[in-house]
Amino acid sequence: MRPWALPLLGALILTACAKPEPPTPPLVLDCDLGFEALSAKIAATPGMKPAVKERGEPFHYFNAKGGQTSYMVTEPGAPGHPAILKQEVTPSGIVNSGCPYGDAKGYAELTAYLQALARARAK
């Protein structure tokens, strides 16, 4: 055996025996934090990835690691702004929840939009 191979073999064995990292627990929407704090918490959550923002959309999405949960964070000009919505894939289907900090009618428009997206994906 080559003299450099023994340390490499030891490192490989230790790596193979290492326990995998536990999955990140899902982010709980705590509406009491307020819009700014909750938006920052979503963006800072490990494994959270911002989606490509479509031009002209007054909101942006964050996708959680694993793709089972996404968050819509409104921007000025969006219906119901400020608002944060969560869309989660569950065994019983897609579940929407959120924090309506702004206009209730506009928030209802956003939830209807997410429901339409869910129906389109299901086809």
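Residues numbered from 1 in each chain as written. Predicted model: local features only at pLDDT ≥ 70, side-chain atom pairs only at ≥ 80, totals over all residues. Heavy atoms only, no water.

Caption draft 1: Layout of the overall build of the protein. Secondary structure summary: the protein contains 3 helices and 5 strands in total. The N-to-C order of helical and strand elements in the protein reads α-α-β-β-β-β-β-α. Burial statistics for the protein: of 123 residues in total, 27% are counted as buried. Approximately 8400 Å² of the protein is accessible, and the part contributed by carbon and sulfur atoms is 62%. (Helix = DSSP H or I, 4+ residues; strand = E, 2+ residues; numbered from the N terminus. Buried < 20%, exposed > 50% of the residue type's maximum accessible area, 1.4 Å probe, protein only. Areas by Shrake-Rupley, 256 points an atom, 1.4 Å probe, with all protein chains shown as cover.)

Caption draft 2: Seen up close, the layout of surface pockets. The calculated volume of the second largest pocket comes to roughly 210 Å³. If you go around the second largest pocket, you meet 13 residues; those closest to its centre are Tyr61, Asn63, Ser70, Gln87 and Arg121. Counting only elements with at least two residues in the lining of the second largest pocket, the list comes to β2 (59-63), β3 (69-74), β4 (83-90) and α3 (104-122). If one sorts the elements of the lining of the second largest pocket by residue count, α3 sits on top with 3 residues. (1 Å grid on protein atoms, 1.4 Å probe; cavity = no way out; pocket = protein on both sides within 12 Å on 5 of 7 lines; lining within 4 Å. Points joined across faces, edges and corners; volume = space filled by probe spheres on them.)

Caption draft 3: Here's a closer look at the confidence of the model for the protein. For the protein, the mean per-residue pLDDT works out to 84, and 78% of the residues sit at or above 70. At the low end of the mean pLDDT range in the protein sits helix α1 (residues 5-17), at 54; at the high end sits helix α2 (residues 35-44), at 96. (pLDDT = per-residue confidence, 0-100.)

Caption draft 4: Layout of the nonpolar core. In terms of nonpolar packing, the biggest core is built from 11 residues, these being Leu27, Leu29, Phe35, Leu38, Ile42, Met48, Phe62, Tyr71, Val73, Ile84 and Cys99. For this core, the element with the highest residue contribution is α2, accounting for 3 residues. When sequence neighbours within four positions are dropped, the list of residues in contact with isoleucine 84 reads Leu29, Phe35, Leu38, Ser39, Ile42, Met72, Val73, Ser97, Gly98, Cys99, Tyr101 and Tyr107. By size, the runner-up hydrophobic cluster in this structure holds 8 residues, among which are Phe59, Tyr61, Met72 and Ala83. (Core = buried A, V, L, I, M, F, W, Y, C linked by side-chain atoms within 4.5 Å. Contact = heavy atoms within 4.5 Å.)

Caption draft 5: Inspection of the pairing of β3 at higher detail. Of all the 6 residues making up β3, 6 are buried; the element is thus mostly covered by neighbouring parts of the structure. The side-chain alternation of β3 yields two buried faces, one formed by Thr69, Tyr71 and Val73 and the other by Ser70, Met72 and Thr74. Bridge count between β2 and β3: 5 bridges; the pairing is antiparallel. Paired with asparagine 63 across the strands is serine 70, a residue of β3. With antiparallel pairing between neighbouring strands as the criterion, β2 and β3 make up a hairpin whose turn holds 5 residues, including glycine 66 at a positive phi of roughly 100°. For β3 and β4, the ladder comprises 5 bridges, and the chain directions are antiparallel. Its bridge partner lying in β4, threonine 69 is registered against glutamate 88. (Pairing = 2+ DSSP bridges.)

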